[in-house]
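So the chains spell out like this:
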Amino acid sequence: MCTLCTWGRNPRCSHSLFMNSTMGSSPVCLGEEAKTSILYSYKHGFSGFAAVLSESQAARLVDWPGVVRVVPNRILELHTTRSWDFLHLSPEPSNGLLSLSRFGERSIIGVLDTGIWPESESFKDDGMGEVPSRWRGKCVEGEKFHASNCNRKIIGARWYIKGYEAENGKLNTSEVFEFLSPRDAVGHGTHTSSTAAGALVANASFNGLAQGLARGGASRARLAIYKVCWATGDCSSADILAAFDDAIHDGVDVLSVSLGQAPPLPTYVEDVLAIGSFHAAGRGISVVCSAGNSGPYSQTVINTAPWIITVAASTIDWTFISRITLGNNSTFVGQTLYPGKHHKRNYQIVNAEDIASSDAEDSDARSCNTGSLNATLARGKIVLCFQTRGQRVASVAADTVRKALGVGVIFAQFMTKDIASSYDIPCIQVDLETGSTILNYIGDTRKPVVKFSSAKTILGKLIAPEVAYFSSRGPSSLSPSVLKPDIAAPGVNILAAWPPASMLSPTSRPVNFRIDSGTSMSCPHISAVVALLKSIHPDWSPTAIKSALVTTANARDEYGLSIVAEGAPYKQADAFDHGGGHVDPNKALDPGLVYDTGVSDYIRFLCSMGYNNSAISSMTQHNTACKSSRQSKKDLNLPSISIPELRKTLTVSRTVTNVGPVNAVYRARIEAPKGVHVNVEPKVLLFNMTAKMLSFKVTFRPKLDVRGRYMFGSLLWEDGVHSVRIPLVVRTVIDDFYTVA
């Protein structure tokens, strides 16, 4: 068992001295048994260590003087370029807008992921200046990774496997394709790193699709790589905490973390991402995390600590299509990422249910679930599959058809712009109406046939952004008074760098760029914007930067319509889908006002969560004594107000800091959530040389006509130039609302 232990403020010598005593050895500092048992000694951002202990040793450790908390090791998971143009972030000034992406050379983005493929063109350092003198990181060598693989773009690289191996045993690279080094064998880390800070690469494409200029949002920023996840998909919490500790010491400005743990969520005092990010934020480092890929279901959002920027995924205005032609000359359009050339010939098409294997359930065959098809009947045919409650993934259907020796699949599903990957056979995604029409054709035709055209890139003809179907939704299951996610960014069909050694399928050829989707892809978009803002406003705190992003985000799409959230059915997006809205990097540069928060505010928040003094002291590394009166979560100075239970009139306080013109007059405008009276006092904020920070109160009073449902609104402060918007989320309840007679 691998255990994380927090230990006052003692150095590593004390850790080993303690370990010797726990194991029954003589109390001599750095005994051999203690050396081998301790995996990491955390000393830069916080004091503690990770060690391999038996259950009895862990139990003894809990009672040892000076030990304030023992937390079991956990395994976290990864969350799997037009997007920057779509965000109007140009490499050159245009239309009067400042080219934000030209900034950032002094910003350092740390990426906790699967490593990096340093030979990619996205990580060349042409024209970059010297590494910032404040940088204290290292380029740690390993298997097929040398110091020479670092440059003025990749300025540091470390790898962490002790926690992983303590949990899973030695990683055998002869059985699993992996490198015991910062080199990326999976592709995930290379993709996210290049999305955030990749250099400009002309004529990039995924086998001809999405061809154009590939670049990261902060293409001049530096990268520091912390490999904490491995080819099995596992990421050890002990390794993650060690990476946070090193990153704080190394001097990163931003940490991009596209991973997390699905619900049920650990408490903030036990969650290594919350702990590591708390200490990073306390040292001025913004931490950006993915919201998770468990949408569109409510309460699935992860990484919900208020000091983290939690990112939802949205679509952009491109897609990739293929034309479907039936034997009766009817034509339809479907989405596909199949990179091969489609044979312009007719193939027999069959309904999956008609070729089910003898032991398959009807619903499994209908959706082409694993092992559900008769290979004799599928051989050489195109198979029509329909999503079901139990199987809604097109790539699963494609793999099933391929293994049954079929030559292609049409997958009918709910409408979504997220296109599944298929590399060995064509996989065309259509909506349920089109699928039903094709099914009727099959039933009415003696020898039904179909043919596909080659895939084609369609640009600028889609309404966007929309919140992606898979993007996890709020409210937070841990602290619903903290609105999550915070913001949305492009995370669907994102083109970015890929290791050529990471084969997409056994028969596919190597690629240098790949199209992928997930909140893992949206996270580095925000990380890049944060790096740019940090380079222009180096004195802004992580919470000020977060506020700038949230309060300037767009709740409307490119056509001025309310953003839509994919789902079943589609609906108008709300704050549980996208937080403040869709990121607008140029507006975030000049937000006018910011809602700032400090470490002491977060400690009061932890007290309000009901954690005991020792647990909070363990997390914060400071002696904490919560006041006896229960402190309210509602007054944490966030750029949002979320009230999960409004039973009677309630007043909430907020403070804003003027970061715009010294003399400014802001007036309040309220869009009240349905069923709630909302009043703001004062209604006018006057800023000048002496009044740079002003507070206001928002009073909520429930009506009687709406109970038990979350309702959404907004509060805007406007001065004629800036519009500073925060979401309002309120659920009105009565004491006996949930009583069942």
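Residues numbered from 1 in each chain as written. Predicted model: local features only at pLDDT ≥ 70, side-chain atom pairs only at ≥ 80, totals over all residues. Heavy atoms only, no water.

- Going by an unreviewed UniProt entry, the protein chain carries the name Subtilisin-like protease SBT3.6 isoform X3 and comes from Ananas comosus.
- Listed under Sequence similarities (unreviewed entry) in UniProt, the entry text for the protein chain is "Belongs to the peptidase S8 family." (UniProt positions renumbered as here; feature names shortened; annotations may be inferred.)

Focus on a positive patch on the surface
For step 1, the next point in the chain: Taken together, R323, K341, K344, K451, K456 and K461 make up a surface patch of like positive charges.
For step 2, the next point in the chain: Among the secondary structure elements, K341 is positioned in the loop between β17 (331–335) and β18 (347–351).
For step 3, the next point in the chain: According to the relative accessible area criterion, K341 is exposed, its value standing at 69%. (Patch = residues over 30% accessible without salt bridge, like charges linked within 9 Å, V, L, I, M, F, W, Y side chains within 5 Å. Areas by Shrake-Rupley, 256 points an atom, 1.4 Å probe, with all protein chains shown as cover. Salt bridge = Lys/Arg side-chain N within 4 Å of Asp/Glu carboxyl O. Lys, Arg positive; Asp, Glu negative; His and termini not counted. Charge placed at Lys NZ, Arg CZ, Asp CG, Glu CD. Helix = DSSP H or I, 4+ residues; strand = E, 2+ residues; numbered from the N terminus. Buried < 20%, exposed > 50% of the residue type's maximum accessible area, 1.4 Å probe, protein only.)

Some words on the side chain of S520
For step 1, the next point in the chain: Relative to the helices and strands, S520 resides in helix α13 (residues 519–536).
For step 2, the next point in the chain: Here H188 takes part through its side chain, which lies 2.9 Å from a polar atom of the side chain of S520. (Polar contact = N/O pair within 3.5 Å; in protein donor to acceptor, adjacent residues only side chain to side chain.)

Examining the UniProt feature "active site" (unreviewed entry) in the protein chain
For step 1, the next point in the chain: In the numbering used here, UniProt assigns the feature "active site" (unreviewed entry) to D113, H188 and S520. These annotated residues cover 408 residues of sequence, and their C-alpha atoms lie no more than 9.8 Å from one another, placing them together at a single site.
For step 2, the next point in the chain: Summarising the element assignment, D113 is placed in strand β6 (residues 108–113).
For step 3, the next point in the chain: Assessed through its relative accessible area of 1%, D113 is described here as buried.
For step 4, the next point in the chain: A distance of 3.2 Å separates a polar side-chain atom of D113 from the backbone nitrogen of G189.

So, the pairing of strand β16 (residues 318–326)
For step 1, the next point in the chain: Taking burial as the measure, the nine residues of β16 include eight buried ones, the bulk of the element.
For step 2, the next point in the chain: In this structure, β16 lies alongside strand β23 (residues 456–459), joined through four bridges in antiparallel fashion. Paired with W318 across the strands is L459, a residue of β23.
For step 3, the next point in the chain: Where β16 lies against β17, five bridges are found, and the strand directions are antiparallel. Each bridged residue has a counterpart across the sheet, and for T325 the counterpart in β17 is T331. (Pairing = 2+ DSSP bridges.)

Side note on the pattern of salt bridges
For step 1, the next point in the chain: The full count for this structure, using the stated rule, is 26 salt bridges.
For step 2, the next point in the chain: Where R158 meets D250, a salt bridge forms, and the shortest distance between an N and an O atom there is 2.8 Å. Highlighted residues: R158 in strand β7 (residues 154–159) and D250 in helix α7 (residues 237–250), separated in sequence by 92 residues. Just as R158 is buried, D250 falls in that class too.
For step 3, the next point in the chain: With its nearest N and O atoms 3.8 Å apart, the salt bridge here joins D516 to R514.
For step 4, the next point in the chain: Residues joined by salt bridges that share partners form a network here, namely D399, R402, K403 and D424.

Description of the packing of aromatic side chains
For step 1, the next point in the chain: One pass over the full model with this rule turns up 16 aromatic pairs.
For step 2, the next point in the chain: Aromatic side chains Y164 and W230 sit 6.5 Å apart centroid to centroid with 40° between the ring planes, which places their arrangement in the tilted category. Taken together, the positions of Y164 in helix α5 (residues 162–168) and W230 in the loop between β10 (222–227) and β11 (234–236) put the pair 66 residues apart, joining distant regions of the chain. Just as Y164 is buried, W230 falls in that class too.
For step 3, the next point in the chain: A connected cluster of aromatic rings, assembled from ring pairs, spans Y268, F278, W307, Y602 and F605.
For step 4, the next point in the chain: In this arrangement the basic side chain of R345 is found over the ring face of Y347, its NZ or CZ atom lying 4.1 Å from the centre.
For step 5, the next point in the chain: Directly above the ring of W498 sits R514, whose terminal nitrogen or CZ lies 4.6 Å from the centroid. (Phe/Tyr/Trp six-rings, centres within 6.5 Å; stacked < 30°, edge-to-face > 60°. Lys NZ or Arg CZ within 6 Å of the ring centre and 35° of its normal.)

A short note on the sheet that holds strand β32 (residues 650–658)
For step 1, the next point in the chain: Spatial ordering of the open sheet is given by β30-β32-β36-β34, a layout of four strands whose pairing is antiparallel. A single partner strand is all that each edge strand has here, and the edge strands are β30 (593–594) and β34 (676–681).
For step 2, the next point in the chain: In this structure, β30 lies alongside β32, joined through two bridges in antiparallel fashion. Within β32, the position partnered with L593 by the bridge is N658.

Topic: the sheet that holds strand β37 (residues 710–718)
For step 1, the next point in the chain: The five strands are arranged β31-β38-β37-β33-β35 in an open sheet whose pairing can be described as mixed. A single partner strand is all that each edge strand has here, and the edge strands are β31 (641–646) and β35 (684–687). Going across the sheet, the axis of each strand differs from the next one's by a mean of 20°, ignoring polarity.
For step 2, the next point in the chain: Of the pairings in the sheet, the one linking strand β33 (residues 664–671) to β35 comprises four bridges and is antiparallel in character. Considered in β35, the bridge of A664 is made with F687. (Axes fitted to C-alpha atoms, helices over the stretch in contact; angles between N-to-C directions.)

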